[in-house]
Amino acid sequence: KGKKQRQRNRPRNKRNRVEDKVLESEMQKSISKQQTPNAAAAPEKTREQVMAEREAKKQAKQAKKQKPADKPAAVEIAVNTTTTTPATTIITEVEQTTITKKLTTTMTTTTKDKVDVVLGAAKISSSVQVTTNNNAVESAAEKTREQIKAEREAKKAAKQAAKTGKTSGNDVTAAAQQLNDLQVSTTAVTAEQDKKKPALSKAERRAIQEAQRAAKAQGQTQAKKPVPGKAVKPPTVTTPVQQQQLKRDSESPTKSPLKSSPIKSERDCKVKLFNHLVNADKDASLFINNALVHPAMARLGVQYAERKVVGSNARCIAFLHALRQVVQDFETPAKKEFGRSLDAAVKHHVDHLHKCRPLAVSVSNAYKQFKNQLTQLPTDQPETELKELLEHFIDTYIENQIGKAAQAISSFLQEKITDGDVLLTFACSSLIQFICEEAKRRQVNFRVIVVDSRPFCEGQEMLRRLHEHGIPCSYVLINAVSYVMPEATKVLLGAHALLANGYVMARTGTAQVALVANAHNVPVLVCCETHKFSERFQTDAIVYNELCDPNQLVLSNKCSLKHWQTKGRLMPLNLSYDITPPELVSAVVTEVAILPCTSVPVILRIKPEIGY
């Protein structure tokens, strides 16, 4: 009854079954003692019996450690030693049964464990070898077909060895040896691939790609334009392998790959200090056929990219005219609100323009005001009236922020321009042109010195416009500004933007002209409308700027910068704007008043109250 009760209360598992067998053996011992009345009076175990039992235990322990083939002998020794005396026959039989069961279980488990251990070691060694081979062949191609087959065979052998757990030690060692042989074959294949495909540096790979593109482009141009009466010759361009061999022959071991690469990519040609700046997209024609871009915006993007529309005011006016066309042709989708859907469409067009060329500050401010107007549109009016409101806002913005602002700035400066003045200006500014034309209309006797610089030479356009109105002008390059500065009485400069900390962002070279004027004690007046004011803080031309094409710095075939891509570490830099500190500026002339540069935050704060 006690035994049955314990069996009900205890969960049945392998360990409990072993304990139950031990308990049964103990109960049988107690029953045998009760059945033999002379057992209590029997003498204690002799020395030989104790030694025999110890030997049996030792043999049992050794059998666990040894191979399965040696363990039955240990069992036979234990049986022979335990059956010497008749007084302990029952105990020794029970011990014999328990020992044999334990030995059989340990035999099966140890064989499986050994097989698993050997296979695990083989898998680990194979994985280590595969990883090392992969690390050694990073530049090579993917695994070959032979390697994949070898790995599959190794996995199959491992699975079969795991299933047949009763295999002998010779089979396990044979499987391990087979795995090692397969790994040796894979390493040999990878070594051959290493010999066939040497590792290339990043610059060499780029050079090979550029050579292939140039060969393809040359082949296409020759195929499109064949010469009549003559056979078309294939392009004489070396293959990447030949080009690589020529480079290795002509290059010494100590030479860096950057110096030897004949063609550098666009990223390599950019100065590292200015890698964060945005460069205009040269392939603006790719966006013309975009169905999501309005034709007016697509045309404007091409004009931005080709620099046919330059100047802050001209770019802003062109943007607003194209935006009016987008508003007129816009159709609200079904079950959509006019304001939100138009805002999403305009945002897509502005992103397109930004890809063609980074937006000017004047364009960004106009877009912000347009978005603000969209949020204030009433929702209870028809779509036609809402479009009329937006078109009226665009026309009013152009008239007030650009047209009337120029008239106000000109009226402030007409009091400063007198007879005999020599005005010095830099590059081309539509606002400075308007001021000079107004002074000529007032019949003021003055002359203008136009300072210009490469690569755009915008001062030539300024010279042409002023000469058409009969204004006497002189034209010099920026390297001669120190010679003509003593003649000037005032310096009038345009601006791309006026930053919140008082710094002036203008065409590259403006800061140099202001510095020379400050050295000669000539007042510097910056003419800038309030719609060009920016909330950005900037003290140098590195944080934010616009990169132009460095090939524009090359004058002709005789220029020393010709083929600059092949000249080692030569990297031309062509920035659009520079930053003039407020210490070099005497005053800023706006439509509000003539103010110091430090008053820019005040104008930004009161500007929403001015109205449009």
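Cut-off values and rules
- Residues numbered from 1 in each chain as written.
- Predicted model: local features only at pLDDT ≥ 70, side-chain atom pairs only at ≥ 80, totals over all residues.
- Heavy atoms only, no water.
- Pairing = 2+ DSSP bridges.
- Helix = DSSP H or I, 4+ residues; strand = E, 2+ residues; numbered from the N terminus.
- Contact = heavy atoms within 4.5 Å.
- Axes fitted to C-alpha atoms, helices over the stretch in contact; angles between N-to-C directions.
- Salt bridge = Lys/Arg side-chain N within 4 Å of Asp/Glu carboxyl O.
- Buried < 20%, exposed > 50% of the residue type's maximum accessible area, 1.4 Å probe, protein only.

(A) Layout of the sheet that holds strand β7 (residues 504–507). Pairing is antiparallel in the open sheet, where three strands are placed in the order β6-β7-β10. Unpaired on one side and paired on the other, β6 (497–498) and β10 (577–580) mark the two borders of the sheet. Taken together, the four bridges between β7 and β10 define a ladder with antiparallel strand orientation. Bridged to A506 within β10 is D578. Its contacts with the sheet place helix α20 (residues 510–519) against β7 and β10, and it is angled at close to 30 degrees to β10.

(B) Representation of the sheet that holds strand β8 (residues 524–527) within the structure. Pairing within the open sheet is mixed, and its seven strands lie in the order β4-β3-β2-β5-β8-β11-β12. Strands at the two margins of the open sheet, each flanked by one partner only, are β4 (473–477) and β12 (594–595). Here helix α17 (residues 430–441) sits on the sheet in contact with β2 (421–426), β3 (446–452), β5 (490–493) and β8, set at roughly 165 degrees to β3.

(C) Broad picture of the pattern of salt bridges. In the structure shown here, the tally under the stated rule is 17 salt bridges. One salt bridge connects E337 with R340, and the closest N-O pair in it is separated by 3.6 Å. What makes E337 partly exposed here is its relative accessible area of 41%. The exposed category is assigned to R340, whose relative accessible area is 66%. A salt bridge links R441 to E438, with the nearest nitrogen and oxygen atoms 2.4 Å apart. With R441 and E438 both in helix α17, this residue pair falls three residues apart, about one helical turn. Its relative accessible area of 53% is what places R441 among the exposed residues. One salt-bridge network, held together by shared partners, links E461, R464, R465 and E468.

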